[in-house]
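# Structure assessment
Listed below are the residues making up each chain.
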Amino acid sequence: MTLTRQFNPAAWQPEIEMVRFDLANGLTLFVLPDKRLPILSLQIHYKVGSRHELSGVTGISHLFEHMMFRGTETLGPEEFSRILQAKGGEINAFTTKDHTSYFENLPSEHLELGLQLEADRLKNLKLDDETFQPERQVVISERKLRSVDSPFGLVLEELFSAAYTQHPYQWPVIGWNQDLQRMTLEDCRKYYSEHYHPGNMTIVISGDAEPQAVRDLVEKYFGDIPPPGLPPAPRVVEPPQRGERRVIFKKVSQVEAFFAGFHTVGLDHPDIYPLNLLTLIMSGGKSSRFYQEFVRPGKAVEVSLELASPPWAAQDPDILILVAIAAPGQPLTELEESIWNEVNRVLSDGVTPEELARAKKLMRAQGARSLAHNFFRGLLVGLFHMKTGDAGQVNRLLASYEQVTAEDINRVARQYLREDNRTVVILKPVSPEESQRLGELA
Amino acid sequence: MINYIPEIYQSSLPGGLNLIGMEYDRVPWVSLTFMVKRGAETDPPGKAGAADWAAEFLTLGTARRNQLELATDIESRGAALKARGGFDAVMVSLEGLAEDFPQLMATMAEIVQTPGFPEEEFPLLKERRRAELTHLLDEPREMANIRFLKLFFGDAPYGHPAQGTLESVAVLELKDLQDFYRREFSPRAASLVVVGMVEAAQVEPEAARNFGAWTGGGSPSPTYLAAPEKLCAPGIYLWDRPELTQSEIRMGHLGLPRSHPDFFALKLVNYILGGGGFSSRLMTRIRSDLGLTYGIRSQFHFRRAPGPFVVSTFTPAAKTAQVVKEITRVMTEVERDGVTPQELAEAQSYHVGHFPLGLETPQGLARQLLSVDLYDLGRDYLKKYCDEIRTVTLETAAQAAQIHLRPESLVTLVMGPASQCAAALQELGPVTFIQES
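Residues numbered from 1 in each chain as written. Chains lettered and ligands numbered in written order. Predicted model: local features only at pLDDT ≥ 70, side-chain atom pairs only at ≥ 80, totals over all residues.

## Some words on the packing of helix 9 (residues 272-283) of chain A against helix 12 (residues 353-370) of chain A
Residue and element names in this part refer to chain A. Their axes nearest at 9 Å, the elements helix 9 and helix 12 cross at an angle of 110°. Between helix 9 and helix 12, the crossing angle belongs to the class labelled roughly perpendicular. Where helix 9 approaches helix 12, its residues Leu-277, Leu-280 and Ile-281 are matched on the opposing element by Glu-355, Leu-356, Ala-359, Lys-360, Leu-362 and Met-363. (Axes fitted to C-alpha atoms, helices over the stretch in contact; angles between N-to-C directions. Helix = DSSP H or I, 4+ residues; strand = E, 2+ residues; numbered from the N terminus. Parallel < 35°, antiparallel > 145°, perpendicular 65-115°, else oblique. Contact = placed C-beta atoms within 7 Å.)

Shown next as structure tokens:
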């Protein structure tokens with residue numbers, strides 16, 4: 001097949017073409033056809049993440065994601081991955097606070113095989129002690145890697161657990177060590193039956209595919225799975241914070257650092273757009289305020305303002321995180337004071353039109369860049385749908401940023417970057433001996 | 001017939017610079033990479049980081065503009081500038097929206113041809129690098145990688161980290177960066193790679209206008225091709241880090257140059273051994289069967305000169321010796337018995353099926369072009385790639401495994417709490433305790 005190629009950037013259309021199908025059993029399917037290459041991204045998003053967990057079984061969403069690769073009644077452990085990888089596929093999965101997503105980026109000729117295997121593990125997953133016990137150990141090793149032995153993993157966990165007093169975002173996606181140690185196979189079985197069914201999932205096929213043919217295939221493999229009804233959705237509202245919270249965390253570290261979290265909004269709130277532009281103005285690139293003020297002169301290894309951008313933003317109100325890692329030998333108290341001065345400068349003087357224009361163009365560029373990839377196109381559609389029920393937001397994304405004014409940014413800065421609304425965790429370095437005296441890291 | 005690989009265009013500019021590119025029409029993006037085919041392997045003794053620092057320094061000001069003016073101009077276009085030195089090459093990349101292509105090309109030329117080497121930026125760069133390298137001490141995986149290469153290669157060119165060391169921070173001078181630039185930034189050993197929504201008919205004159213007259217640079221260093229004469233003795237080396245809960249493990253020996261004729265056979269053998277994720281024997285044994293790690297992989301670092309072959313993993317400290325033993329056992333089985341027909345067939349179909357996924361984005365295409373050019377793989381390399389994979393046989397794979405996997409020569413570095421792993425390691429053989437450097 002020969003495609004007409006056009007090299008006029010001005011004529012380029014950023015809209016993603018999407019065709020939606022709703023199966024009788026509640027399954028939602030999006031097909032995003034694009035035939036440039038004989039490849040596609042097959043994605044299955046389950047609407048379950050750490051926000052659906054209960055205290056005592058934290059981390060089960062992520063551990064269960066691992067179990068989905070451990071075999072079915074007819075396939076051995078990891079055979080799912082081996083079969084699709086042998087066709088050229090990239091196979092992986094990830095768990096977040098709000099959802100669990102599985103994907104296979106593969107040659108389009110193997111779509112049916114991918115769907116067949118996904119349906120097999122949805123219907124016939126093998127959950128027994130033989131596979132559960134080693135996988136629990138793998139996850140405990142992963143937790144040590146990502147949280148315990150990493151420079152700031154435990155510090156960030158402290159931040160979330162101090163900033164949220166009631167909402168499930170207070171625990172890490174990977175779960176608390178004690179919960180991982182005591183979780184049972186029975187917990188996994190219950191979780192599987194509650195959350196893994198057509199009514200709670202969205203399939204996205206992005207790339208070389210015909211919508212109607214895909215629909216027929218999905219009906220063939222998933223259409224006969226009954227929906228047991230939607231699991232109860234947690235509706236926890238974190239109460240407004242009424243004053244700064246400060247926590248000290250001691251560990252072996254070469255540097256002092258602090259992480260400050262400010263309660264903001266979730267994906268479906270319009271303030272998410274000015275807030276994201278604000279993060280770019282403060283710390284996006286080398287011309288940003290924080291880079292010029294703190295990183296370039298060597299006062300800090302890093303000073304940044306971070307908030308996941310749509311559609312990666314959390315479904316419920318997330319925290320905007322200010323990360324400040326002092327340069328070795330630089331006192332943290334002075335750094336913290338100068339950072340708040342810099343933040344206060346934005347609150348009092350606002351941002352400039354040049355800064356806003358730069359941030360908007362950075363967003364436009366990043367948006368265009370991500371649309372080169374079937375995988376990201378699929379994620380954009382799937383995540384907007386899962387978290388807001390409106391996949392069409394993907395095609396209004398650029399406009400949502402373009403509409404933001406300097407006054408919007410100044411308003412959200414003043415509204416959210418308040419001292420009463422922040423939680424600060426300070427990393428205080430200690431020697432290995434003192435660290436051991438303080439007790440086990442877990 | 002594979003018809004989805006974009007045609008490569010190539011021309012030699014009047015000053016001698018090689019221009020190579022591909023047209024790309026999916027998104028209005030353009031990726032420009034200036035590649036100098038000399039890198040950290042040319043760092044003078046004791047001056048680790050010279051090439052990489054020189055690369056970053058180019059972004060800190062030109063003859064015409066200071067660092068802030070440059071960054072503001074680039075970022076106001078939504079573009080991104082990165083410059084880094086690795087082994088075998090230094091890359092300066094500038095990517096952005098295709099509508100800004102002429103400005104991006106002019107900016108790239110300005111950065112590469114007229115660096116300002118502003119003196120006031122050097123102490124700041126030095127402080128930033130010192131801070132980053134100190135902070136790196138808290139990253140167990142990075143520290144294990146760096147320590148392994150130093151242990152293995154010693155003072156040979158691939159033995160130091162490209163970004164420099166805390167020791168070299170103290171001695172590097174602005175002159176070292178300028179020397180690297182003046183010596184190696186020459187059209188005789190460089191290429192400009194352009195991939196994006198810009199037609200070749202526009203790229204070529206624009207490149208000629210901006211780079212055609214450039215003849216700069218001295219005589220580039222001779223290419224580094226030989227294997228080092230002296231390497232670390234095989235055995236177990238333990239770096240005690242009592243504060244860690246897991247051990248980082250690196251096991252390796254000398255690998256091969258990119259030009260070696262066994263490249264494709266060994267690529268497939270390594271995929272089966274430890275490069276292929278859940279399709280590999282190491283992942284199956286150490287993670288899936290035993291639950292002893294979250295991740296394990298093996299890799300041949302194919303460079304101009306023989307790079308290292310390394311198996312990398314981590315495990316709860318008490319399990320360290322068991323993992324070291326299992327890795328050696330799995331590697332010995334592949335070396336002795338080769339791979340099975342099914343494993344080879346699946347490794348081949350993976351590489352053939354996966355090939356178009358690497359051509360999806362401008363960055364993916366640029367990576368392919370840079371590799372083709374850096375290692376002289378030939379203009380038809382991408383078109384022949386799948387056939388090269390398919391022609392590997394069970395016999396050639398077994399032969400490659402037997403010749404190039406050498407479990408008896410493994411240098412094993414363990415970085416972890418000695419109190420929990422030393423005794424068990426000593427049962428496997430003598431253990432040499434080492435320090436940070």
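## Details of the interface of chain B and chain A
If you look at the interface, chain B gives 64 residues, while chain A gives 64 residues. Those elements that place two or more of their residues in the side of chain B that touches chain A are helix 2 (67-76), strand 5 (90-97), helix 4 (121-136), helix 10 (281-289), strand 10 (308-316) and helix 12 (341-354) of chain B. The leading source of residues in the side of chain B that touches chain A is helix 4 of chain B, at seven residues. Of the residues that constitute the side of chain B that touches chain A, the class distribution is 28 nonpolar, 20 polar and 16 charged. (Nonpolar A, V, L, I, M, F, W, Y, C, P; charged D, E, K, R; others polar.)

## Thoughts on the sheet that holds strand 4 (residues 80-85) of chain B
Residue and element names in this part refer to chain B. Spatially, six strands are ordered 1-2-6-3-5-4 in an open sheet, and the strand pairing comes out mixed. Each edge of the open sheet is held by one strand with a lone partner, namely strand 1 (8-12) and strand 4. Neighbour-to-neighbour, the strand axes of this sheet turn through a mean angle of 15°, independent of strand direction. Taken strand by strand, helix 1 (residues 50-58) contacts strand 4 and strand 5, and its axis lies near 160° from that of strand 4. (Pairing = 2+ DSSP bridges.)

## Details of helix 13 (residues 374-388) of chain A
Count 3.6 residues to each turn of an α-helix, and residues three or four apart come out pointing the same way. Residues and elements named next belong to chain A. Helix length check: helix 13, at 15 residues, gives a terminal C-alpha distance of 21 Å against a target of 21 Å (1.5 Å per residue), a fit within 8%. Taken across its 15 residues, helix 13 has 13 buried, putting it largely inside the fold. Note on helix 13: the residue one or two positions beyond its end, Gly-389, has a positive phi of about 80°. (Expected span 1.5 Å × (residues − 1). Buried ≥ 20, exposed ≤ 12 C-beta atoms within 10 Å, placed from the backbone.)

## Describing unusual backbone geometry
Note that the residue after Pro-310 of chain A, namely Pro-311 of chain A, is joined by a cis bond; omega there is 5°. Tracing the chain through its elements places Pro-311 of chain A in the loop between strand 9 (300-306) and strand 10 (319-326). A positive phi is found at Glu-78 of chain A, a non-glycine position, where the angle reads about 65°. Within the element layout of this structure, Glu-78 of chain A appears in the loop between helix 1 (60-67) and helix 2 (79-85). A positive phi is found at Phe-117 of chain B, a non-glycine position, where the angle reads about 40°. Phe-117 of chain B sits in the partly exposed class, given 18 other C-beta atoms within 10 Å.

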